[in-house]
Amino acid sequence: MSLNNQVLDKPISAELPYVEANLSYLIPMAEKPVNYTYEPPLGIPRTNATYQTHKLPIYNARSISDNISLDREGFAFTGHNTNVRNFYDEDEIRRVYYPEAEQLLKEVTGATKVVIFDHTLRNAGQSKPGENNIKEPALRVHNDFTAKSGYTRAHLELAARGIDDIDTLLKQRFAIVNVWRAIAQPIQESPLAVCDAQSIAPTDIVAGDLVYRDRVGETYGVTYNSKHKWFYFPQMHRDEALFIKCFDSAEDGHTRFAAHTAFEDPTSPANAPPRESIELRTFVFYPA
């Protein structure tokens, strides 16, 4: 099932069906962007960043999904049945879904080792900040890790799991790959858009601090570039998986970072139920 080494046999073009939607981009700024994950002390803004929307075509990638790869476009898609009955059951996620996803990632990437270190549930109808861990869809163009924080987070998470000889492990090629899935009915509201990494210039991505109560992480904001090419997989259901590469230690031509964002789909029914989804964050270790 490897999606890694396929060759695109036809150009991605405007012949694909698409919707037009507003995407929220970081406005270039002199200082480093800072975002707090919690309500900061009085007088400190939640973020010092500002954003601007740009109306762009977002192409339906279902017909070309077999020709898209993590190592080139920075995302990939496949059908995959899950045995999870209730994705709001924390124990079932870890007991059933984590092993399923670990095996799937090995098949998709050719990895020899996979470590799942985080997951996020999203449902705007159930999100209660400070009361539960369910979040709303993220409506800003971003990437979850940077060239620096990919290594920092790997050290942190692997040490927390008691894994030995971390420095040696991180000298081999590894990536951080998100696994994204619908967890209830097919998604109609706030679907996820992914940007072809080949269309992103190095100067488009801007490292910013993500401030937690106990640590400071780093993510990439993305500034607007008219060359960005956006794609989505409409009506995703629970037996499909979308993979997004958020970091790759390899600097030999493989795609290292991919941008993504939720967006307001103008074709969504007015009474569409809130999007319900889960994303796993994972370390994928390639053969030495």
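Scroll up to find the structure.
Conventions and cut-offs
All residue numbers refer to position in the chain's written sequence, counted from 1. In keeping with the model being predicted, local features are shown solely for residues with a pLDDT of at least 70 and side-chain atom pairs are shown and tallied solely at 80 or more, while totals for entire chains, interfaces and linings include all residues. The basis for every side-chain value is the complete set of heavy atoms in the structure, and neither hydrogens nor water enter the calculation. The helix count covers DSSP runs of H or I at least four residues long, the strand count covers runs of E at least two residues long, and both are numbered beginning at the N terminus. With C-alpha atoms as the basis for the radius of gyration, the globule rule is written as 2.2 Å multiplied by the number of residues raised to the power 0.38. Throughout this description, buried means an accessible area under 20% of the type-specific maximum (1.4 Å probe, protein chains only), exposed means over 50%, and partly exposed covers the range between. Working rule for contacts: check all heavy atoms of both residues, and any pair within 4.5 Å makes them a contact. Any Phe, Tyr or Trp ring, taking Trp's six-membered ring, that has another such ring centre within 6.5 Å forms a pair; planes under 30 degrees apart are called stacked, those over 60 apart edge-to-face, and the others tilted. Pairs of N or O atoms within 3.5 Å make up the polar contacts considered here, provided that, within protein, one atom can donate a hydrogen while the other can accept it, and that residues adjacent in sequence are counted only when both atoms are side-chain atoms. We call a set of buried residues a nonpolar core when its members are Ala, Val, Leu, Ile, Met, Phe, Trp, Tyr or Cys and they connect through side-chain atoms within 4.5 Å of each other. The seven residues ending at a residue and the seven starting there each receive a fitted axis; the angle between those axes is the bend at that residue. At least two bridges found by DSSP between two strands is the condition for calling them paired. Comment: axis = line fitted to C-alpha atoms, over the contacting stretch for helices; angle = value between 0 and 180 degrees taken between N-to-C directions. A helix is expected to span 1.5 Å for every residue after the first. This arc is taken over the directions from the axis of the helix to the C-beta atoms. Salt bridges are defined as contacts in which a side-chain nitrogen from Lys or Arg sits within 4 Å of a carboxyl oxygen from Asp or Glu.

(A) Region of the structure containing the overall build of the protein chain. Looking only at helices and strands, the protein chain has 3 helices and 15 strands in total. Computed over the C-alpha atoms, the radius of gyration of the protein chain is 18 Å, within 12% of the 19 Å expected from 2.2 N^0.38 for a compact globule of 288 residues. The dimensions of the protein chain, computed from C-alpha atoms along their principal axes, are 50 × 50 × 40 Å. A buried classification covers 52% of the 288 residues belonging to the protein chain.

(B) Region of interest: the side chain of S249. Residue position: S249 is located in the loop between β13 (240–248) and β14 (260–262). Dropping the residues within four chain positions of it, S249 is found in contact with Y151, Q172, R173, F174 and R256.

(C) Local environment of the packing of aromatic side chains. Going through the model one piece at a time under the given rule, you end up with 18 aromatic pairs. Plain terms: the ring middles of F87 and Y97 are 5.1 Å apart, the flat faces sit at 85 degrees to each other, and that makes the pair edge-to-face. Here Y97 lies in helix α1 (residues 90–109) and F87 lies in the loop between β4 (75–79) and α1, a separation of 10 residues in the sequence. In this pair, the class of F87 matches that of Y97, namely buried.

(D) A look at the side chain of D71. Looking at the secondary structure, you find D71 in the loop between β3 (51–60) and β4. Only 3.0 Å separates the side chain of D71 from the side chain of R173, close enough to count as a polar contact.

(E) Spatial organisation of the nonpolar core. Judged by nonpolar contacts, the single largest core of 34 residues is most densely connected at L158, F231, F233, L242, F283 and F285. Every element with two or more residues in this core is listed here: β4, β5 (113–122), α2 (149–160), α3 (166–169), β8 (174–182), β9 (192–195), β13 and β15 (277–285). Core analysis: the second largest hydrophobic core is formed by 27 residues, A76, A111, I134 and V177 among them.

(F) Broad picture of α1. Its axis deflected by about 35 degrees at Y97, α1 carries its strongest bend there, up to four residues before the proline P99. Restricting attention to buried positions, one finds in α1 the residues E92, I93, V96, Y97, Y98, E100, A101, L104, L105, V108 and T109. Buried residues belonging to α1 abut β4, β5, β8, β13 and β15. N-cap assignment for α1: the residue whose side-chain oxygen lies 3.0 Å from the backbone N of D91 is D89.

(G) Spatial organisation of the sheet that holds β15. If you trace the 6 strands from one edge of the open sheet to the other, you get β4-β13-β8-β15-β5-β6, paired in mixed fashion. At either end of the open sheet lies a strand with only one pairing partner, and these are β4 and β6 (134–135). Where β5 and β15 come together, 9 bridges link them in antiparallel fashion. Residue V115 lies in a different strand from β15, and its bridge partner there is F283. Against the sheet, α1 engages β4, β5, β8, β13 and β15, with an angle of about 130 degrees to β5. With respect to the sheet, α2 is in contact with β5, β8, β13 and β15, its orientation differing from that of β15 by roughly 90 degrees.

(H) Seen up close, α2. Its 12 residues place the ends of α2 16 Å apart at the C-alpha level, agreeing with the 16 Å of an ideal helix rising 1.5 Å per residue. Within the span of α2, buried status applies to S149, G150, R153, A154, E157 and L158. For α2, the angular spread of buried residues about the axis comes to 150 degrees, placing them on one side. G162 sits one or two positions beyond α2 and adopts a positive phi of about 70 degrees.

(I) Structural context of the pairing of β13. Across the 9 residues of β13, 9 count as buried, placing the element largely inside the fold. One ladder, built from 5 bridges, connects β4 with β13; its direction is antiparallel. Opposite T78, over in β13, you have A241 as the bridge partner.

(J) Layout of the pattern of salt bridges. For the coordinates displayed, the defined rule picks out 17 salt bridges. Close ionic contact of D209 with K32 constitutes a salt bridge, the shortest N to O distance being 2.9 Å. Separated by 177 residues along the polypeptide, D209 in strand β10 (residues 205–211) and K32 in the loop between β1 (18–26) and β2 (34–36) bring together distant segments of the chain. Note that K32 is salt-bridged to E218, the shortest N-O span being 2.7 Å.

(K) Fine view of the environment of S127. By secondary structure assignment, the location of S127 is in the loop between β5 and β6. For the pair formed by S127 and A270, sequence separation is 143 residues and the distance between their alpha carbons is 20 Å. Contact partners of S127, with chain neighbours within four places excluded, come to N132, I134, K135 and E136. There is a polar contact of 2.8 Å between the side chain of S127 and the backbone oxygen of I134.

(L) Summary view of the environment of R215. Within the secondary structure layout, R215 lies in the loop between β10 and β11 (216–222). Dropping the residues within four chain positions of it, R215 is found in contact with R153, L156 and L210.

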